[in-house]
Amino acid sequence: MSQVMFDLDVLRTFSTGIALGSFARAADKLGRSTSAVSAQLKKLESQAGTALFRKAGRGLELTDAGETLLAYAHRLLELNEEAGAAMRGVDLQGAVRLGLQEDFGETLLPAVLGRFARAHPKVRIEACVARSAELRERLELGQLDLALAWDAGDQPLSPYAERVARMPLLWIGPRVPERVDAPWWTEREHRSAGATRQGKSREPLPLIMLDAPCPLREIVIAALDRAGVPWRRAFGSASLSALWAAASAGLGLTVRTPFGLPPHVSVLDRSVLSLPALPQISLVLYRAQAHPEAPASRLAALLLEAARQQVQPVGLPMRENPPLETRTKVVRYGNAKLPAPVG
């Protein structure tokens, strides 16, 4: 059997089309015709020796083989980019001062640091993990070159900030909430099962929140007060890891985006628990200056790429032929189903 040599150019088209939810958009972005993109996809399926798409209603979705190939496509394209960066920046030297919130320390940072260090071994990275307000302050004082943080809209964006994505705030509790043996949970569980069809819960909702100042605290408390949901503070800490531990133990509920949720917690259906909807917040990359030096600029590019892959919806159904626009109204972030725009 002859060895299969996948074409990186074709894999880029495949990956871009899935990321954008439309191969017509991919064709436009990559400067190709839709017929050329269709030919590339046919070539890719021929090389794979199996179907990469299957019918899903009036559209198409990735098969298991398609999902597997997409993961390899990301890795191959990243390695290609890394090799190119290493050749261009083999003599890059200096230091980068990076700030980020705790959400990204375990999910995003290891892969980014690994890629950067392999490509630029002479560059030193100084990392600071802190809350968003402290990171912004350090940027203004010239103590950081870059910072990746959440923005709840409570402060104007700095002139060199770049909005990476908008992410929903979700109610988060233990991985197996049915095992929680507490009045606040059992009462709400019975209500959702129809045992109590009227009247509000008498048990205040226990909240697990970061210590003040925290803009999410204000958002959550305001939403609960508007909805008339009684609440109490059950657990507070300056550490996000401590919040995850408290939520996993069933001490109450916390609120966060689906970015980087640990496996021992899960997103809860707010409608089942009669909880209010929450707004979205922004993931933002802050730069200390408009045109950072080469080491900071390169690290910023890797952070943006990794962050966008993390928040990228996967498995988007598409129409059978180009323009292959997205037709689903549901995409997946981790273990939560969330609304997504059509088209």
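Above this note sits the structure.
All figures in this text were calculated on a predicted structure; none of them were measured in a lab.

1. Concerning the overall build of the chain
Next up, step 1: Within the chain, the secondary structure is distributed over ten helices and 15 strands.
Next up, step 2: Of all 343 residues assigned to the chain, the portion counted as buried reaches 45%.
Next up, step 3: Roughly 17,400 Å² of accessible area belongs to the chain as shown, and the carbon and sulfur atoms make up 51% of that amount.

2. Observations concerning a nonpolar patch on the surface
Next up, step 1: On the surface, Leu8, Tyr72 and Leu76 cluster together into a nonpolar patch covering about 260 Å² of accessible area.
Next up, step 2: Inspection of the secondary structure assignment puts Leu8 in helix 1 (residues 8-20).
Next up, step 3: When its relative accessible area of 31% is taken as the criterion, Leu8 is described as partly exposed.

3. Topic: the packing of aromatic side chains
Next up, step 1: This structure, assessed with the given rule, holds five aromatic pairs.
Next up, step 2: Pairing Phe23 with Phe53 gives two aromatic rings, centres 6.2 Å apart and planes at 85 degrees, and the pair type is edge-to-face. With a gap of 30 residues between them, Phe23 in helix 2 (residues 23-30) and Phe53 in strand 1 (residues 53-56) connect regions that are remote in the sequence. Of the two residues, Phe23 and Phe53, both sit in the buried class.
Next up, step 3: Taken together, the ring pairs in this structure connect Phe14, Phe23 and Phe53 into an aromatic cluster.

4. With respect to the packing of helix 5 (residues 109-119) against helix 10 (residues 294-311)
Next up, step 1: At a minimum axis separation of 10 Å, helix 5 and helix 10 run at an interaxial angle of 140 degrees. In terms of orientation, helix 5 and helix 10 fall into the oblique class. Note on packing geometry: the crossing formed by helix 5 with helix 10 is right-handed. Touching Val112, Arg115 and Phe116 of helix 5 are Pro295, Arg298, Leu299, Leu302, Leu303, Glu305 and Ala306, all from helix 10.
Next up, step 2: Here the contact of helix 5 with helix 10 is built from residues that sort into seven nonpolar, no polar and three charged.

5. A closer look at the sheet that holds strand 4 (residues 123-129)
Next up, step 1: In spatial order, the strands read 4-3-5-12-6; together these five strands make up an open sheet with mixed pairing. Looking at the sheet topology across the chains shown, the edges are occupied by strand 4 and strand 6 (162-168). Across the sheet, the axes of successive neighbouring strands diverge by a mean angle of 15 degrees, strand direction being ignored.
Next up, step 2: As judged from the six bridges shared by strand 6 and strand 12 (residues 280-287), these two strands associate in the antiparallel manner. Its bridge partner lying in strand 12, Arg166 is registered against Ser282.

6. Here's the deal with the packing of helix 1 against helix 3 (residues 34-48)
Next up, step 1: Where helix 1 contacts helix 3, the axes come no closer than 10 Å and their chain directions differ by 110 degrees. With respect to helix 3, the axis of helix 1 lies roughly perpendicular. Contacts between helix 1 and helix 3 involve Asp9, Val10, Leu11, Thr13 and Phe14 from the former and Val37, Gln40, Leu41, Lys43 and Leu44 from the latter.
Next up, step 2: For the contact of helix 1 with helix 3, the class distribution of residues is six nonpolar, two polar and two charged.

7. Digging into the sheet that holds strand 7 (residues 170-174)
Next up, step 1: Here we have three strands laid out as an open sheet, ordered 10-7-11, and antiparallel in their pairing. Of all the strands in the sheet, just strand 10 (254-256) and strand 11 (265-267) have a single pairing partner and so form its edges. Within the sheet, the average angular offset between the axes of one strand and its neighbour, ignoring direction, is 45 degrees.
Next up, step 2: In terms of strand pairing, strand 7 meets strand 11 through three bridges, oriented antiparallel. Across the sheet, residue Pro174 finds its bridge partner in strand 11, namely Val265.
Next up, step 3: Contacting strand 7, strand 10 and strand 11, helix 9 (residues 240-248) runs over the sheet at an angle of about 130 degrees to strand 10.

8. Topic: empty space enclosed by the protein
Next up, step 1: In the structure shown here, the tally under the stated rule is two cavities of 30 Å³ or more.
Next up, step 2: Taken as a whole, the largest cavity encloses approximately 160 Å³ of empty space.
Next up, step 3: Lining the largest cavity are 16 residues; nearest its centre among them are Gln101, Ser132, Trp150, Pro215 and Leu216.
Next up, step 4: Looking at which element gives the most residues to the lining of the largest cavity, the answer is helix 6 (residues 132-140), with three residues.
Next up, step 5: Considered class by class, the residues forming the lining of the largest cavity number nine nonpolar, two polar and five charged.
Next up, step 6: In this structure, the second largest cavity occupies an estimated 40 Å³ of space.
Next up, step 7: Lining the second largest cavity, in full, are Ile208, Met209, Leu210, Cys214, Leu216, Leu243, Thr254, Val255 and Arg256.
Next up, step 8: Elements with a contribution of two residues or more to the lining of the second largest cavity: strand 8 (205-210) and strand 10.
Next up, step 9: Here the residues of the lining of the second largest cavity are counted per class, giving seven nonpolar, one polar and one charged.

Procedures and definitions
- Residues numbered from 1 in each chain as written.
- Predicted model: local features only at pLDDT ≥ 70, side-chain atom pairs only at ≥ 80, totals over all residues.
- Heavy atoms only, no water.
- Helix = DSSP H or I, 4+ residues; strand = E, 2+ residues; numbered from the N terminus.
- Buried < 20%, exposed > 50% of the residue type's maximum accessible area, 1.4 Å probe, protein only.
- Areas by Shrake-Rupley, 256 points an atom, 1.4 Å probe, with all protein chains shown as cover.
- Patch = residues over 30% accessible without salt bridge, like charges linked within 9 Å, V, L, I, M, F, W, Y side chains within 5 Å.
- Salt bridge = Lys/Arg side-chain N within 4 Å of Asp/Glu carboxyl O.
- Phe/Tyr/Trp six-rings, centres within 6.5 Å; stacked < 30°, edge-to-face > 60°.
- Axes fitted to C-alpha atoms, helices over the stretch in contact; angles between N-to-C directions.
- Parallel < 35°, antiparallel > 145°, perpendicular 65-115°, else oblique.
- Left-handed = near helix turned anticlockwise from the far one by under 90°.
- Contact = heavy atoms within 4.5 Å.
- Nonpolar A, V, L, I, M, F, W, Y, C, P; charged D, E, K, R; others polar.
- Pairing = 2+ DSSP bridges.
- 1 Å grid on protein atoms, 1.4 Å probe; cavity = no way out; pocket = protein on both sides within 12 Å on 5 of 7 lines; lining within 4 Å.
- Points joined across faces, edges and corners; volume = space filled by probe spheres on them.

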